[in-house]
There are 2 protein chains.
Amino acid sequence: MRQNTGMLELAILGFLYDRSLHGYELRKRITALTGHVRPVAESTLYPAIKRLEKAGLLARETQPGAVAAPRHVLSLTDAGRRALRRRLTEPARADITDENRWFTLLAFLRHLDDADAQAGVLRRRLDFLQEPASFFYEGDRPLRAEELDDPFRQGILTIARATSRAELAWLRKTLVSLD
Amino acid sequence: MRQNTGMLELAILGFLYDRSLHGYELRKRITALTGHVRPVAESTLYPAIKRLEKAGLLARETQPGAVAAPRHVLSLTDAGRRALRRRLTEPARADITDENRWFTLLAFLRHLDDADAQAGVLRRRLDFLQEPASFFYEGDRPLRAEELDDPFRQGILTIARATSRAELAWLRKTLVSLD
DNA sequence: AGACTATACATCGGTATCGATGTATTACGG
DNA sequence: CCGTAATACATCGATACCGATGTATAGTCT
C-alpha cells in the first residue's frame, strides 16, 4: 500500500464511526485534526470517499441541501466499521513510526472497545520509540546532540528527544491505567 | 507542487551539497536521516535523481564499480547549488508545518552561509508554533488536554505540547546565538 | 445592486511514490 | 562449492494526491 494511503482514509473512517456526516462537514473535521500540519485538498477528499464507497466501506444517502447544493450523507457500513477496527488493531508500520499518522491513529483509538487491543497498539509505539535510533550516525553508532557541531542538527536531536521523553512517559502512564 | 515533493529532493540536494555521492550511498544517508520514520523506496530514489538531472540540478559521471555494478557519481551543478539555497531560504509552507519536512530542512540549513537567512527560516517556524492551534476544537476554540475525556486524544495534546515547548525554547536560544 | 464569502459537490491532467521485479558482481560463511 | 547478503542500478504498472477549474445556491456586507 502506498505510504500515505490510509492517513486520509483512516480519518474518514474514524470520524464516520461516531456518526454520519456529509463530505463537507467531514472535510472541516479533518482540517481541524490535521490541517495545520498537512492540509487536505478538496480534490483529494472526494475521490477518497468514492474509493471507500466502491470498496463497500461506506454508503451515501442524498439529502436536499440545507444551505446550498444537495448533501451526500455518508455512513459506515458494517464492513466499514470492521475495516476501521482492523486498521486500529493491526496498524501498518508507518502508522506507528510516522508521527502524523500515529496522531491520526491515536485520535480514533478509543473506537476499539477492547482495552487489551488498545494497549497492544501503544506497546508497539513504545517499542519503536525505544529502538536506538538517531538521525545521524558515525558508522553504526547513533550520535547524540552534544557530538554534533551543527546547531540545527543539534536542534533536531534535542527536539526529538524531548518529544520522545514526553511520549514515553505518557505511554507508560496510559498503559498502566489500561490494566 | 505535490505535497511530499521536495522532502526527498531536498535531501538529495542537501547531501550532495557537501560532496559528490553515488546513488546507493545517497540512499543509505537518506535512510539514516529519515528512514526510521519514513522509509524511501529504491524505486523512488532513482527516478528522483533522474528528475533532478533532467532539470539540470545535478550531473552524473559513471565510474567503474568498486565492488559491484558501475557507479554513477552524482554532483550538484551550479544551478543545483542555487536551487538548494533557494529552497532553504524560501521554504514552502509545508516545509515549515510538517515536522518530517521541517527536520529535513533543518538538517541542511547550515548550507545557508547567511545567518540572517537562517534566522528568517527559524522565525517562520517560531511564528507557526505560536499560532493558536489544536487538534480538537469546540466551535472555534482550541481545546486543551484537560478538557478532553478521551485519554488517547489527551495524549496527542500532551505530546504535541511537550514538543512545542522544547522546540520554542531551542528556537529562541538559537535565534539569540545567530545574532 | 453588486461583490464576496460560505456551502457543497465534482472532474481532470500531471506527477510523485510505491511494490514488484530484473540484472550483475563481489564477498563471505558453512 | 553453494547459498545468501551486500553492492549498484533500473523499469514498470498502479494509484494517491495535488492544483486548477467548474457548477450551483444562499447569505452578508456595502
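## Regarding the interface of chain A and chain B
So, step 1. In this complex, chain A contributes 44 residues to the contact, which on the side of chain B involves 44 residues.
So, step 2. Across the chain A to chain B interface the summed buried area is about 4,000 Å²; carbon plus sulfur atoms make up 61%.
So, step 3. Salt-bridge contacts for Arg38 of chain B lead to Asp98 of chain A; the nearest nitrogen and oxygen are separated by 3.0 Å.
So, step 4. On the surface where chain A and chain B come into contact, there are 11 residue pairs in polar contact (both at pLDDT 80 or more).
So, step 5. Taken together, the elements giving at least two residues each to the side of chain A that touches chain B come down to α2 (23-34), α5 (93-97), α6 (99-108), α7 (115-130) and α8 (151-177) of chain A.

## A few points about the sheet that holds strand β3 (residues 71-76) of chain A
Strand pairing in a sheet relies on backbone hydrogen bonds, with the paired strands running either antiparallel or parallel.
Residue and element names in this part refer to chain A.
So, step 1. Within the open sheet, the 3 strands sit side by side as β1-β3-β2. Their pairing is antiparallel. Bordering the open sheet on either side are β1 (21-22) and β2 (58-63), each of which pairs with just one other strand.
So, step 2. Judged from the 6 bridges that link them, β2 and β3 form a sheet pairing that is antiparallel. Across the sheet, the residue bridging to Leu58 is Leu76, located in β3.
So, step 3. Packed onto the sheet, helix α3 (residues 42-54) meets β2 and β3 and runs at close to 120 degrees relative to β2.

## Concerning the pattern of salt bridges
So, step 1. Across all of its chains, the model carries 32 salt bridges over all chains by this definition.
So, step 2. The shortest N-O distance in the salt bridge between Glu167 of chain A and Arg125 of chain A comes to 2.7 Å. Of this pair, Glu167 of chain A sits in helix α8 while Arg125 of chain A is found in helix α7, placing the two residues 42 residues apart along the sequence. Arg125 of chain A shares its class with Glu167 of chain A; the two are buried.
So, step 3. Arg101 of chain B is paired through a salt bridge with Asp95 of chain B; the nearest N and O atoms lie 2.7 Å apart. Each member of the pair, Arg101 of chain B as well as Asp95 of chain B, carries the same accessibility label: buried.
So, step 4. Three or more residues are tied together by salt bridges with common partners; here these are Asp18 and Arg110 of chain A together with Asp150 and Arg153 of chain B.

## What to know about the relation of the copies chain A and chain B
So, step 1. With an RMSD of 0.0 Å, chain A superimposes on chain B once it is rotated by 180 degrees and translated 0.0 Å along the axis. Taken together, the rotation and translation describe the operation of a two-fold axis. Within chain A, Thr163 of chain A has its C-alpha nearest the rotation axis, a separation of 2.5 Å.
So, step 2. Here 100% of the contact residues of chain A are again contact residues in chain B; the copies associate through an equivalent surface.

## Brief notes about the sheet that holds strand β3 (residues 71-76) of chain B
Residue and element names in this part refer to chain B.
So, step 1. The antiparallel open sheet is built from 3 strands, whose spatial order is β1-β3-β2. With one partner strand each, in any of the chains shown, β1 (21-22) and β2 (58-63) form the two edges of the open sheet.
So, step 2. Pairing of β1 with β3 involves 2 bridges; the strand directions are antiparallel. From the neighbouring strand, His22 faces β3, where its bridge partner is Val73.
So, step 3. Sitting on the sheet, helix α3 (residues 42-54) is in contact with β2 and β3, with an inclination near 120 degrees to β2.

## A look at the packing of helix α1 (residues 7-18) of chain B against helix α6 (residues 99-108) of chain B
All names here are of chain B.
So, step 1. α6 packs onto α1 with a crossing angle of 10 degrees between their chain directions and a minimal axis gap of 10 Å. When the axes of α1 and α6 are compared, the pair comes out roughly parallel. Considering how the two elements wind past one another, α1 and α6 form a crossing that is left-handed. Across from Met7, Leu10, Ala11, Gly14 and Phe15 in α1, the residues of α6 making contact are Asn100, Arg101, Thr104, Leu105 and Phe108.
So, step 2. Per-class residue counts for the contact of α1 with α6 are 6 nonpolar, 3 polar and 1 charged.

Conventions used here
Residues numbered from 1 in each chain as written. Chains lettered and ligands numbered in written order. Predicted model: local features only at pLDDT ≥ 70, side-chain atom pairs only at ≥ 80, totals over all residues. Heavy atoms only, no water. Contact = heavy atoms within 4.5 Å. Buried area = accessible area lost by both parts, 1.4 Å probe. Salt bridge = Lys/Arg side-chain N within 4 Å of Asp/Glu carboxyl O. Polar contact = N/O pair within 3.5 Å; in protein donor to acceptor, adjacent residues only side chain to side chain. Helix = DSSP H or I, 4+ residues; strand = E, 2+ residues; numbered from the N terminus. Pairing = 2+ DSSP bridges. Axes fitted to C-alpha atoms, helices over the stretch in contact; angles between N-to-C directions. Buried < 20%, exposed > 50% of the residue type's maximum accessible area, 1.4 Å probe, protein only. Least-squares fit on C-alpha atoms with pLDDT ≥ 70 in both. Parallel < 35°, antiparallel > 145°, perpendicular 65-115°, else oblique. Left-handed = near helix turned anticlockwise from the far one by under 90°. Nonpolar A, V, L, I, M, F, W, Y, C, P; charged D, E, K, R; others polar.

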